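# Overview (structure and organization)
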Amino acid sequence: MDSESQFGYVLNRRDDVWVAEYSAMAGPCEVHMATDRQSEADRLASLALSETRRIEQKFSRYRDDNIVHQINSSNGEPVAVDDETARLLEYAKQVHALSEGQFDITSGVLRRAWVFRGEVVVPDREFIDELLERVGWERVTWDGSSLTMAPGMEIDFGGIGKEYAVDKVAGMLFEQSGLSLMVNFGGDIRTIVAEGSARSWLVGIEDPSVVKGLSGSSAVGHAELTNGAIATSGDTNRFCIVDGKRLGHILNPKTGWPVAGAPRTVTVITSTCVEAGFLATMAVLSGAGAEAFLQAQGVKYHVIW
Amino acid sequence: MRLQLRKVAFIKPAVAALAAALLGGQALPATGQDNVETSLLLYSEKDRVEAAEGIVNVGKMLKGDRTLNLRLTYDALSGASPSGATPSSRVQTFTSPSGRGSYTINPGETPLDNTFHDTRFAGDITFGQPVGRMSALSLGAHLSSEHDYFSAGFNAGMTRDFNQRNTTVGLSGSVSFDNINPEGGVPTALAVMPGVGATLPREGSSDSKSTFDLVAGVSQILDRKTIVRFNYSFSHASGYLTDPYKIVSVVEPESSADAGEPVRYLYESRPDSRTKHALYGQIRRYIAGSTIDLSYRHFWDDWGVTSNTIELFYRQKLPGGHALQPHVRWYHQSAADFHRVYLLDGAPTPEHASADYRLARFDGLTLGLTYSLPIGENMHLNITPEFYTQRGDSSPPEAFGVLRQYDLFPDMDVIMVRAGFSYGF
Amino acid sequence: MKRIILLMITALIVAASLALGGCSHVGVKVWEHDILAKPEMQLDAGANDRALDDHIYFSKEASSGGRGFAGGGCGCN
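Calculation notes
Residues numbered from 1 in each chain as written. Chains lettered and ligands numbered in written order. Predicted model: local features only at pLDDT ≥ 70, side-chain atom pairs only at ≥ 80, totals over all residues. Heavy atoms only, no water. Contact = heavy atoms within 4.5 Å. Buried area = accessible area lost by both parts, 1.4 Å probe. Salt bridge = Lys/Arg side-chain N within 4 Å of Asp/Glu carboxyl O. Polar contact = N/O pair within 3.5 Å; in protein donor to acceptor, adjacent residues only side chain to side chain. Helix = DSSP H or I, 4+ residues; strand = E, 2+ residues; numbered from the N terminus. Nonpolar A, V, L, I, M, F, W, Y, C, P; charged D, E, K, R; others polar. Pairing = 2+ DSSP bridges. Core = buried A, V, L, I, M, F, W, Y, C linked by side-chain atoms within 4.5 Å. Buried < 20%, exposed > 50% of the residue type's maximum accessible area, 1.4 Å probe, protein only. Patch = residues over 30% accessible without salt bridge, like charges linked within 9 Å, V, L, I, M, F, W, Y side chains within 5 Å. Areas by Shrake-Rupley, 256 points an atom, 1.4 Å probe, with all protein chains shown as cover. Lys, Arg positive; Asp, Glu negative; His and termini not counted. Charge placed at Lys NZ, Arg CZ, Asp CG, Glu CD.

Another aspect to go through is the interface of chain A and chain B. Taken together, the contact between chain A and chain B spans 53 residues of the former and 38 residues of the latter. Both sides of the chain A and chain B interface together cover about 3900 Å² of buried area, and 57% of this is carbon and sulfur. Put simply, chain A and chain B have two salt bridges between them. Note that Lys12(B) and Glu275(A) form a salt bridge whose closest N and O atoms lie 3.1 Å from each other. Scanning the region where chain A abuts chain B turns up six residue pairs in polar contact (both at pLDDT 80 or more). Residue assignment for the side of chain A that touches chain B shows that the elements contributing at least two residues are helix 1 (38-59), helix 3 (83-98), helix 5 (161-177), helix 6 (273-285) and helix 7 (290-297) of chain A. For the side of chain A that touches chain B, the element with the most residues is helix 5 of chain A, which contributes eight residues. Class assignment for the residues of the side of chain A that touches chain B results in 23 nonpolar, 17 polar and 13 charged.

Pasting the structure below:
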C-alpha cells in the first residue's frame, strides 16, 4: 500500500530536509523541503508533481491536446488564449524585442535542419533558408489575447517552459507552506528561504551540463543561495562539427545556424530561474562575447568553453 | 559573428521585471501551519430564547507530524421556552422548576417558561498522530459545564488512506458521562406538578446518563473536481434522558363541558435509553472556481423518530479572494412514539409521555448567506446571516374542544448571525 | 443490540469494499490533487460554523449525528 509507485514520486529524508524526486520535463526533478513533517512533505510533493505535470502537459510541443498544438495547427486563423498562455506569449514578445530578435519562440522549426550528436554534418543551406521563411516573431500578430500566425509557423516554449515551471512550483510550494525549499529540475534551480530562517542552500556546480545538490565531489563550483536561482544554457553533449568547427545546439533565429565560438555551457545565478535561463541563453547567443555580456549584467556565472 | 561586436547592453533589470511580470503574484506570504479560528453566534427566536455563543479554536502543529487542537466554547441563553403545556381559555398558573415561585400564562397563549436561562462553558482537546504514511490516529477529551449539567468524555479515531489516497476510511468512537442537577431536583416521572410552596415530587437532586457514539465513514475522490463521503453514525444513550423542565397537560375529556381545558400538569417521562442511527452522504464538486456541496442524512431511532435532512451550499468565488455562499437546509422529522400534545383525564397514564415540541412532527427550513473576505495577511473574515424556521401542525387531528381554537404548534422563527475570523501563522 | 452491531459491520464492509475493490479505477493520480487541495474543497472546511450549526440543531430538533458524533454533552436536549 505504501509503495512509492502509487505516489508518482519518491520521498526521502536527507539530513534535515525531505526530498521528493520524480521524473518530468524530460529529466529528473527534485524538491527539497525544510520540514521534519513527512505529511507536509507528502502534501507539498504531490502539489509540486501536480503543478509540474500541468505545465508540462499544457506547454509541451509533443502533445496534440494543448494550446501549443492548437496554435501550431491554427493554419493562419487567430487563436484566443488563456491568461497564463497570454503571460508567456507577452514575455516571449518582450524578450524578443530586448534580445533584438535573438530569442525567438518561433525558431523551433530550424532544428529540423540540424542533428547535434557530436558528429560531422553538412548543413543543407537551401533547407535552412526555406525554414527561415517560417521563423520570426515579427511575422506573428499578437494582440495580448489572441495570436495569429502564418501557416507553417510554429511556436515552442522549450526555451522558457522548464525555468517557468521551476519558479512556478517553488512559488506555489512556498505560498502553501512558508517553508524554506529548493526546486531542482535537471539543474535549473530555484531556492527560497523562509523569513527568519538562517538556512542557505548549498548548490554544487558539477558537470557543466548538470547542476546538482552538493552530494557529489566532482563539483567545479559552489554556490550558496538563500533566495535565488540557477539556470544553465547549452549542453556539452549536444553539438555538431562543421568544417572542423564545433558548433553547439543553440541556433541563431536570424541565420538558422548555431552560434560560432560560443561557450559549451553558461550557468547564471540570479533571482529567478526564468531570468537566469534567459541571461544564460543570451550569453551563449553572444558567442565569444559571452563573458563580456555576463559581466555587463553584473550576475554571478560559470562558463565552460 | 556580427552581433557580438555591438556594445553590450545592460538588460538585467528589464529581464528581471519581465520575469516578475510573467511569474506574477508569486512569493505571496506563507500560509501557516498553526491557526486560530474564532466564531461568534447571535441567536434570536421570535418572542422566545435569545442566545450568544463564542468559539475559539487553536490548531497547533507539533514535532513529528503531530497536531494539537484546542477548542473553547462559551454560550449564554435566556428567554422563554415552551413548557409543553397546552393553551387554555383561562389564566394558567405554573410552579417554577425550583418550586419557590410561579408564573402565569394568559388565556389562549402558549405556555412558555420564562425562567429559562443558562450559561455553558465547554472545552475540547484533540491530539492527532500519524501512523506510518497512510494512517492517522486521534485522541480527544471534552468537558462541558452548565449550572445544572456536567458532561465529560473521551474519544478516539483512526483514518487510513487507500488507493493512491483516493479513498479515506475512518472509524471513531466516543464515550460521554453526563450528570444532571436540575433546579429543584429531579422530578418524579409523570408526577403531578404541585402548587407553589408544596413539596415537590422528587427522585433526588441529580441523575446521570452515559452515551456511546460511533462513526464509520469513507470518503472517495471521484475525479479531479469531485469528492464524496458516506458516514454511518450510531449512538446509544442510557440513563436519565427526560427533560426535567418539561410538563404535559392533563385535560378534560371530550364528554366534559370543559373539553380540552387543563385539569393538572404532569412532569414528562421519557424512556431511559435511546439508540440513534444516521446515514449521511455528501458530494462536493468544484465548478469553474465555484464549489457546490450537497448532503443528505437519514436518521432513525428507537423512540420512533425518523428524519430526513437535505443541505445545499454553493460557494461563488468573487475577485480579490472574496466569496459568497448561499445555503439552504430542509429538515423533516416524524414524532416520537410517546409524544403527546396532552393526556386525557380519567384515561390510564402511559409509561412515557412528553409534550416537548422538539419530539413532535415538524419541518425545518434554514436559509443562509455567507460572505467571506480576506482582511490581511493570512486573515479571513466571514459573516453569515441565517434564518431558521420550524413549522409543525398547528391544529393536529387529536385536538378537540377548546384546544381546537388554539395554535398547538406556533411557528418558531429564528434569526441568527454568525461571524468568523481565521488567522494562519 | 445485535441488529445494531450487524448493521455496523455491514457499513464497515461496504466502506472497506469501496476502498479496496470497486474504486481502484475511480479517482485521480496523486499529482492531480491540485483542485482538491484547495481550502474550499476540504470536507471539514468551516468546522467552527458546522459545530455552531450542529449545536443549534441538536438543541432544537430530535435528530443528531451523521456528519459526526450524535452525542451532545450539553443539557440543551
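So that's the structure; there's more coming.
All names here are of chain B. Two elements, strand 6 (residues 112-131) and strand 7 (residues 135-146), share twelve bridges in a ladder whose sense is antiparallel. Pairing of Ile125 across the sheet is with Ala141, part of strand 7. Two successive antiparallel strands, strand 6 and strand 7, enclose a turn made up of three residues, where Gly132 displays a positive phi of approximately 65 degrees. Of the pairings in the sheet, the one linking strand 7 to strand 8 (residues 149-162) comprises twelve bridges and is antiparallel in character.

One recurring pattern in soluble globular proteins: nonpolar side chains tend to sit buried together. Counting residues in hydrophobic clusters, the biggest one holds 82 residues, and the most contacted among them are Tyr22(A), Leu89(A), Phe157(A), Ile160(A), Tyr164(A) and Phe278(A). Among the elements that line this core, the one with the most residues is helix 6 of chain A, at ten residues. If we skip the residues at most four places from it in the chain, Ile160(A) touches Leu88(A), Tyr91(A), Ala92(A), Phe103(A), Ile105(A) and Leu22(B). Phe362(B), Tyr388(B), Leu52(C) and Tyr57(C) belong to the second-largest nonpolar core, a separate cluster that totals 15 residues.

Take a nonpolar patch on the surface next. Residues and elements named next belong to chain B. Residues Leu222, Ile283, Leu294, Tyr296, Ile310, Leu312, Val328, Trp330, Leu365 and Leu367 make up a contiguous nonpolar surface patch of roughly 770 Å² in combined accessible area. When contributions to the nonpolar patch are tallied by element, the ones reaching two or more residues are strand 15 (290-301), strand 16 (306-317), strand 17 (323-333) and strand 19 (362-376). Its place among the elements puts Leu294 in strand 15.

All names here are of chain A. On the surface, Asp124, Glu126, Asp129, Glu130 and Glu133 cluster together to form a negatively charged patch. With respect to the helices, strands and loops of the structure, Asp124 is situated in the loop between helix 3 and helix 4 (125-132). Asp124 sits in the partly exposed class, given a relative accessible area of 41%.

Note that Tyr331(B) resides in strand 17. Owing to a relative accessible area of 0%, Tyr331(B) belongs among the buried residues under this scheme. The residues contacting Tyr331(B), other than those within four sequence positions of it, are Arg297(B), Ser307(B), Asn308(B), Thr309(B), Phe362(B), Asp363(B), Gly364(B), Glu61(C), Ala62(C) and Ser63(C). Here the side chain of Tyr331(B) touches Gln333(B) through a polar contact of 2.6 Å, side chain to side chain.

Another point: the pattern of salt bridges. If you walk through the whole model with that rule in mind, you get 41 salt bridges over all chains. For Arg165(B), the salt bridge goes to Asp161(B), with nearest N and O atoms at 2.9 Å. Judged by its relative accessible area of 18%, Arg165(B) is buried. Using a relative accessible area of 17% as the deciding quantity, one classes Asp161(B) as buried. One network of salt bridges, with partners in common, ties together Glu51(A), Arg54(A), Lys58(A), Asp82(A) and Glu84(A).

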